[in-house]
Amino acid sequence: MLTDITLGQYFPGNSLLHKADPRMKVVSMLIFAVAVFMASGLLAYLFLAAFVLLACFLSGISLKVILKGLKPVVFITVFMGVINIFFTAGERVLVELGFIRICAEGLWAALFIAIRIISLVMGTTLLLTYTTSPNVLCDAIESLLSPLKRLHVPVHDFAMMMTIALRFVPALIEETDKIMSAQKARGANFETGSLLSRAKALLPVLIPLLVSSIRRATDLATAMECRCYTGGEGRTKMRVLKLSFKDWLFMLAWIALGVALYFLSTVKVWGV
């Protein structure tokens, strides 16, 4: 399960999403997140799903890799779907057994919440982690937050911390997997027993993981000090970010998505 988590991983490529300006991708991600929660109705969600699939195709990343990254959110998707099926009241009752009542509105709500969660995860990972390297993402965040420098906000340090945290997610996942494999070789059992017993079995994993994380952070800090890293003051960029006409068209496409979802949400098909 841990190896299925692809958060923070970057897949090099030469697609349209890879070439887009990282600042536009960050802004487009925010627009996309708002558009996803603004969607309502069957046509809006079908359009959203089609748009996300098109973005997957344009990213050049294998659909198998993208679907693999969705495994960690399967549980919450199923859980939210079940909650909507059994607790959404409606007029079109399909099944009624005592206190159990399933309505057509509940099934539609479960489908919509699944599309919303999956689209949100796929869209944000495609725009940021999958198609944007950590260094470029750091430059983009620093550039977008640069107006805050007038208020003496340490923008560079903030962007650097975010990027390092995101970059070390795959490393920590790999370290956790190694520790769990070592514990299993010594007879530890993480998959059977009660919830409390499995939680107790994780304690031998958390302690060495914490020690390893502190050691890794110390090594990184030492390496940065040895290279005379002092922050963003006076630093130059290897890659200077410049907006092109294609970048504006890229963000315009995501704005058009939000506008289309707004209008499609007002159209009802089959009563939904």
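Just so it is clear, the model here is predicted, and its values are computed rather than measured.

Counting its regular elements, the protein contains 11 helices and two strands. Reading the helices (α) and strands (β) of the protein from amino to carboxyl end gives α-α-α-α-α-β-β-α-α-α-α-α-α. With respect to the three principal axes, the spread of C-alpha positions in the protein is 70 × 60 × 35 Å. Sorting the 272 residues of the protein into buried and exposed places 36% on the buried side. Counting only carbon and sulfur atoms, one obtains 70% of the accessible surface of the protein, whose full area is about 16,700 Å². Seen as two clouds, the 26 positive and the 16 negative side-chain charges of the protein have centres 4 Å apart.

Turning our eyes to something else, we now look at the state of the cysteines. Taken as a whole, this structure holds zero disulfides when the rule is applied. Not part of a disulfide, Cys 226 finds its nearest cysteine sulfur in Cys 228, a span of 8.4 Å.

Bringing the nonpolar core into the picture now. Grouped together as the largest cluster of nonpolar side chains are 41 residues, with contacts concentrated most on Phe 32, Leu 48, Ile 66, Leu 126, Phe 250, Trp 254 and Leu 261. When contributions to this core are tallied by element, the ones reaching two or more residues are α2 (22-38), α3 (42-59), α6 (104-127), α7 (134-144), α8 (155-185) and α11 (245-264). If sequence neighbours within four positions are ignored, Phe 250 has contacts with Leu 17, Ala 20, Met 24, Lys 25, Ser 28 and Leu 127. Listed in part, the six residues of the second largest apolar core include Met 180, Phe 190, Ala 201 and Leu 209.

Along the chain, the position of Phe 79 falls in helix α5 (residues 74-87). For Phe 79, a relative accessible area of 45% corresponds to the partly exposed category. C-alpha separation for the pair Phe 79 and Ala 110, spaced 31 residues apart in sequence, amounts to 9.5 Å.

Within the secondary structure layout, Met 29 lies in helix α2. Among the residues examined, Met 29 registers a relative accessible area of 16% and is labelled buried. With 232 residues separating them in the primary sequence, Met 29 and Leu 261 have C-alpha atoms 15 Å apart. Every residue in contact with Met 29, bar those within four places of it in the chain, is listed here: Thr 124, Leu 127 and Leu 128.

What counts, and where the lines are drawn
- Every chain is numbered independently, its residues counted from 1 as its sequence is written.
- Predicted model: local features are reported for residues with pLDDT of at least 70 only, side-chain atom pairs are reported and counted for 80 or more only, and whole-chain, interface and lining totals are derived from all residues.
- For side-chain calculations, the full set of non-hydrogen atoms in the structure is used, while hydrogens and water are omitted.
- In DSSP terms, a helix is any run of H or I states spanning at least four residues, a strand is any run of E spanning at least two, and both are numbered starting from the N terminus.
- Between buried and exposed lies partly exposed: a residue is buried under 20% and exposed over 50% of the maximum accessible area for its type, with that area taken using a 1.4 Å probe on protein chains only.
- For the accessible areas, the method is Shrake-Rupley and the probe is 1.4 Å, while residue cover comes only from the protein chains on display.
- Only four residue types enter the charge count, namely Lys and Arg as positive and Asp and Glu as negative; His and the chain termini do not.
- Just so you know, the charge point we use is NZ for Lys, CZ for Arg, CG for Asp and CD for Glu.
- Disulfides are defined as cysteine sulfur pairs within 2.5 Å.
- Nonpolar cores were defined as sets of buried Ala, Val, Leu, Ile, Met, Phe, Trp, Tyr and Cys residues, with membership established by side-chain atoms within 4.5 Å.
- Contacts are assigned to residue pairs with any non-hydrogen atoms lying within 4.5 Å of each other.

Taken by themselves, the reported measurements are silent on function.
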